[in-house]
Amino acid sequence: MEKSVANGLSEQLQKNRRKRVVLNNVEGLAMAILPFLGYVLFGLVPMIISLVVSFTDLHSYNISMATFAGFGNYIKLFQMPLVGKAVWNTLLYCLSVPINMIVSLFIAQLLTKSIKGKYGIRVVLYIPSVCSTVAISLAWCWIFEPNYGVINTVLTHLGLGKIPFMTDPRYFMPSVLIICLWQGGTNIVLMQSALASVSTELKEAALLDGATGRQVFFKIVFPLITPTLFYLLITNLLGALQNTAMMQIIAVNGVGPDYAALTLSYYIYRMAFINTATEGLGLACALTWVMSIGVLLITFLNFKLSKKWVYYD
């Protein structure tokens, strides 16, 4: 009798366990299905459509009007001088990444020391990172304005000549890099956090063994924070390669002097929505895929090279 009761309880427990497993699987599937459907509808399907359109000649938003062009769009891209200009501008803009990281690391290292009011300084440095890109760009337009901007007004009062920040291609990109440098708050906060996690005992032991402050930083501190630096390098570089808004806002005519503000992302937008009749969506989709492959290759190269300088021990 007792054995049959025990067997009955065991079977009931197994049934309850199976029900819980099924219920957990159903709950997990229900939570995962919506993001997956979102990716399929708004990610995968548009990617497939853009790949198909890239092999067509399409000058309308009605995809039924597309005519097959083969690899003609891809061949034409490499014959268009503005594509080369856009690639060059994008690469120049990417210089903001190493410049920003070097300056941010220097500031973060300073903020790890006993400086009065360093928490307030950190907040002030971080504020630009949470502000709207449009608002920041408009503020710098006021600062760099060729005739009545803050800097040129000061230069005029000092008896010096005005600098055409936004109207001369020689000064346009350096001005852009200055704006980017001002927006390094996130990098500073993350780098300071990484620096604070380095063992104090390890640094003190190195100093007691006769190492200089510079040797401690480059031989001990820097290797230990390389995972954070690598993360910031990847994320900042991906953002720089896809930049569109800021340069177009500060540019006088949208493309800047001598097309200095024409990046790859913005050129794709112009092909598809401004120069639809002359260039069209087929060329825009083709350039999108060329750019995407380029970004993937750069990212893959960064991960390969990271094995030589990033330490996870």
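Undergrad: Sorry, what's going on with the overall build of the protein chain here?
TA: A tally of helices and strands in the protein chain yields 14 helices and two strands. Its C-alpha atoms give the protein chain a radius of gyration of 27 Å, more than 25% over the compact-globule value 20 Å for 313 residues. Seen through its C-alpha atoms, the protein chain measures out along the principal axes to roughly 105 × 75 × 35 Å. Taking all 313 residues of the protein chain together, the buried fraction comes to 35%. The contacts of the protein chain with a sequence gap of at least 6 include a subset with a gap of at least 24, amounting to 66%. Summed over its atoms, the accessible surface of the protein chain is roughly 19300 Å², and 69% of this surface lies on carbon and sulfur atoms. Positive and negative side-chain charges of the protein chain, numbering 21 and 12 respectively, have mean locations separated by a distance of 2 Å.

Undergrad: Is there a simple way to think about the layout of surface pockets in this case?
TA: The gaps left among the atoms become clear once a water-sized probe is rolled over them. Within this model, the largest pocket holds a volume of roughly 500 Å³. Lining of the largest pocket is provided by 20 residues; of these, Y93, N100, Q183, N236 and A240 occupy positions nearest its centre. At the level of elements, α4 (96-111), α9 (185-196), α11 (213-241) and α12 (245-250) are the ones that each hand at least two residues to the lining of the largest pocket. Of the residues forming the lining of the largest pocket, the biggest block, four residues, is contributed by α11. Taken together, the residues of the lining of the largest pocket sort by class into six nonpolar, 14 polar and no charged. Lining the second largest pocket are 19 residues, with Q109, T112, K113, L195 and K203 positioned closest to its centre. Among the secondary structure elements, those contributing two or more residues to the lining of the second largest pocket are α4, α5 (118-130), α9, α10 (200-208) and α11. Of the residues in the lining of the second largest pocket, the class split is nine nonpolar, five polar and five charged.

Undergrad: So what exactly am I meant to see when it comes to the nonpolar core here?
TA: Soluble globular proteins tend to bury their nonpolar side chains together. Core analysis: the largest hydrophobic core is formed by 63 residues, its most contacted members being L77, F172, V176, I250, Y267, M271 and L287. Per element, the largest residue contribution to this core is 10 residues, and it comes from α11. When sequence neighbours within four positions are dropped, the list of residues in contact with I250 reads S137, C141, M166, F172, V176 and I179.

Undergrad: Explain helix α3 (residues 81-93) to me, please; I cannot follow it from the model alone.
TA: Two residues of an α-helix separated by three or four positions point the same way, owing to the 3.6 residues in each turn. The end-to-end C-alpha distance of α3 is 19 Å, a good match for the 18 Å that 13 residues give at a rise of 1.5 Å each. Turning to α3, its buried residues are V83, A86, N89, T90 and Y93. Relative to the axis of α3, the buried residues are bounded by an arc of 125 degrees and lie together on one face. In α3, the exposed residues that point more than 90 degrees away from the buried face are P81 and W88.

Undergrad: Honestly, unusual backbone geometry in this entry has me stumped. Any pointers?
TA: Glycine aside, a negative phi is what most residues show, and trans is what most peptide bonds show. Of note, the phi angle at D258 is positive, near 55 degrees, even though the residue is not glycine. Considering the arrangement of structural elements, one finds D258 in the loop between α12 and α13 (264-274). Its identity as a non-glycine residue notwithstanding, Y259 has a phi of 60 degrees, on the positive side. The topology assignment puts Y259 in the loop between α12 and α13.

Definitions and cut-offs
- Sequence order as written defines the numbering, with residues in each chain counted from 1.
- A pLDDT threshold of at least 70 governs which residues receive local features in this predicted model, and a stricter bar of 80 or more applies before side-chain atom pairs are shown or counted, although totals over entire chains, interfaces and linings include all residues.
- To get the side-chain values, take all heavy atoms of the structure and skip hydrogens and water.
- Helix and strand labels come from DSSP, where a helix needs a run of H or I of at least four residues and a strand needs a run of E of at least two; each type is numbered from the N terminus.
- For this measure, only C-alpha atoms enter the radius of gyration; the expected value for a globule follows 2.2 Å times N^0.38, where N is the number of residues.
- Three exposure classes are used, based on accessible area relative to the maximum for each residue type with a 1.4 Å probe and protein chains only: buried under 20%, partly exposed in between, and exposed over 50%.
- Contacts are assigned to residue pairs that have any heavy atoms within 4.5 Å of one another.
- Accessible surface area values rest on a Shrake-Rupley calculation with a 1.4 Å probe, where residue burial reflects the displayed protein chains alone.
- In this tally Asp and Glu are treated as negative and Lys and Arg as positive; neither His nor the chain ends contributes.
- By convention, the charge on Lys lies at NZ, on Arg at CZ, on Asp at CG and on Glu at CD.
- Grid points spaced at 1 Å over the protein atoms alone were grouped into cavities, where a 1.4 Å probe fits but cannot get out, and pockets, open sets with protein on both sides within 12 Å along at least five of seven lines, with lining residues defined by an atom within 4 Å of a point.
- Grid points are joined across faces, edges and corners, and a volume is the space filled by probe spheres set on the points.
- Amino acids are sorted into nonpolar (Ala, Val, Leu, Ile, Met, Phe, Trp, Tyr, Cys and Pro), charged (Asp, Glu, Lys and Arg) and polar (every other residue, Gly among them).
- Only buried residues count toward a nonpolar core. Its members are Ala, Val, Leu, Ile, Met, Phe, Trp, Tyr and Cys residues joined through side-chain atoms within 4.5 Å.
- By definition here, a helix of n residues has an expected span of 1.5 Å times n minus one.
- Of all possible arcs, the one meant is that of the directions from the helix axis to the C-beta atoms.

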